[in-house]
Amino acid sequence: MKFGKYECAAVELGDFLLDGGAMFGVVPKMLWEKKIPADNKNLIPMKARSLLIRGNGRNILVDAGPGNKLSEKMKKIYGIDDRSIYAGAGLLKYGLTINDITDVIITHLHFDHAGGSTSIREKKTVPAFPYAKYYIQKTQFEAAVNPGPGEAASFTGDDFMPLKESGVLNLLDGPCELFSGIEILVTDGHTKGQQHPLVKGEEASLFFCADLIPTSAHIPLSWRMAYDNHPLTIINEKSEILSRAFKENWILFFEHDPVTAAAYIKQDGKNIVIGKTVTL
Ligand SMILES: [Zn+2]
């Protein structure tokens, strides 16, 4: 689907499982399991779905999925086997390889978003997209290098330090227009300095929610993850972003939704709810 000068497409980079209780925080299971049913271990299916933005001489990837460097312990916890992660295959569907990616925008450095930024080649951890520049918010990079005790388990230095050492990492300082027609918005509720590309079109724009609204079930303000570092901040940020999204006719892109990649939103009384789904 085209937004301004860019063709945007969903790229699936893998499947994994997360604890349903952790994904829905204070929401009772009786409610959330109607949206995403859990298995007998209370795990729910998740996608690692990236966004490919092509145009203006660039092939931009937003987030890189969990990647293929995970330890056996991590794979077991997150229900990942060798068939679950298919990064190269996701790009091949569009006739591209890792060599064609010019830019990688990483929303934040939690492993399921940044793991695929780097890969192991000849026993060395190197940038997975050899010709790409990478973009991360400075405050997020600092949070990942010196994490608080609640967030330390979500970051792995190998996902981002090799980017810095190779000189391909660009640290952004707050919201900006990164490329013509692609705005970067920043939120702090899930983790400090999470960034969200907004690809602007004339009739509709595409907003990459990342972990601000990880699935279409997370649109109601109080439906948030136990993983959010600053719960009250995220409620305010979500409220502001959803009202702007409604006014400006944004399509929301859901990185982790097991089924729905993107959708419009609509007003239902006082609430904003999911509208027509969109195939990208
Ligand atoms: Zn996250």
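So, a few notes on the structure that sits alongside this text. Since we're looking at a predicted model, the values are computed, not measured.

Calculation notes
Residues numbered from 1 in each chain as written. Predicted model: local features only at pLDDT ≥ 70, side-chain atom pairs only at ≥ 80, totals over all residues. Heavy atoms only, no water. Pairing = 2+ DSSP bridges. Helix = DSSP H or I, 4+ residues; strand = E, 2+ residues; numbered from the N terminus. Contact = heavy atoms within 4.5 Å. Axes fitted to C-alpha atoms, helices over the stretch in contact; angles between N-to-C directions. Disulfide = S-S within 2.5 Å. Buried < 20%, exposed > 50% of the residue type's maximum accessible area, 1.4 Å probe, protein only. Donors = N, O, S within 2.8 Å, 3.2 Å for Na, K, Ca; no water. Tetrahedral: all angles 85-135°; square planar, octahedral: opposite > 155°, others 65-115°. Arc of directions from axis to C-beta. Phe/Tyr/Trp six-rings, centres within 6.5 Å; stacked < 30°, edge-to-face > 60°.

With that settled, the discussion passes to the sheet that holds strand β2 (residues 6-19). Read from one edge of the open sheet, seven strands run β1-β2-β3-β4-β5-β8-β9, paired in mixed fashion. In the strand order of this sheet, the two ends are held by β1 (2-3) and β9 (169-172), each with one partner. Bridging between strand β8 (residues 133-137) and β9 involves four bridges; their strand directions are parallel. Paired with Tyr135 across the strands is Asn170, a residue of β9. Running over the sheet, helix α6 (residues 138-145) touches β8 and β9 and is turned about 80° from β8.

We now examine the state of the cysteines. Taken as a whole and judged by the stated rule, the model has zero disulfides. Here Cys176 is not disulfide-linked; the sulfur of Cys8 is the nearest cysteine sulfur, at 17 Å. For Cys176, a relative accessible area of 26% corresponds to the partly exposed category. No disulfide involves Cys209; its nearest neighbouring cysteine sulfur is the one of Cys8, lying 14 Å away. Since its relative accessible area comes to 0%, Cys209 is described here as buried.

Okay, the coordination of the zinc ion next. The zinc ion binds to the protein through His108 (NE2), His110 (ND1), His190 (NE2) and Asp211 (OD), with metal-donor distances spanning 2.1 to 2.2 Å. Because the angles between the four donor atoms bound to the zinc ion fall within 91 to 170°, the donor set is best described as irregular. Summarised as a motif, the one-chain spacing of the donors to the zinc ion is H-x1-H-x79-H-x20-D. Per residue, the accessibility class of His108 equals that of His110, and both read buried.

Looking at α6, one finds that the buried residues are Gln140, Phe141, Ala143 and Ala144. Down the axis of α6, the smallest arc covering the buried residues is 160°, so these residues share one side. Residues of α6 that are buried make contact with β8, α7 (161-165) and β9.

Here we come to the packing of aromatic side chains. Under the defined criterion, the tally for this structure stands at seven aromatic pairs. Judged by centre distance (4.8 Å) and plane angle (45°), the rings of Tyr78 and Phe111 are tilted. Here Phe111 lies in helix α5 (residues 111-114) and Tyr78 lies in the loop between α3 (72-77) and α4 (87-92), a separation of 33 residues in the sequence. For Tyr78, a relative accessible area of 17% corresponds to the buried category. Residue Phe111 is classed as buried on the basis of its relative accessible area of 8%. A centroid spacing of 5.9 Å and a plane angle of 80° characterise the contact between Phe141 and Phe160, whose relative ring orientation is edge-to-face. Of this pair, Phe141 sits in helix α6 while Phe160 sits in the loop between α6 and α7, placing them 19 residues apart in sequence. Exposure remark for Phe141: the relative accessible area of 6% places this residue in the buried category.

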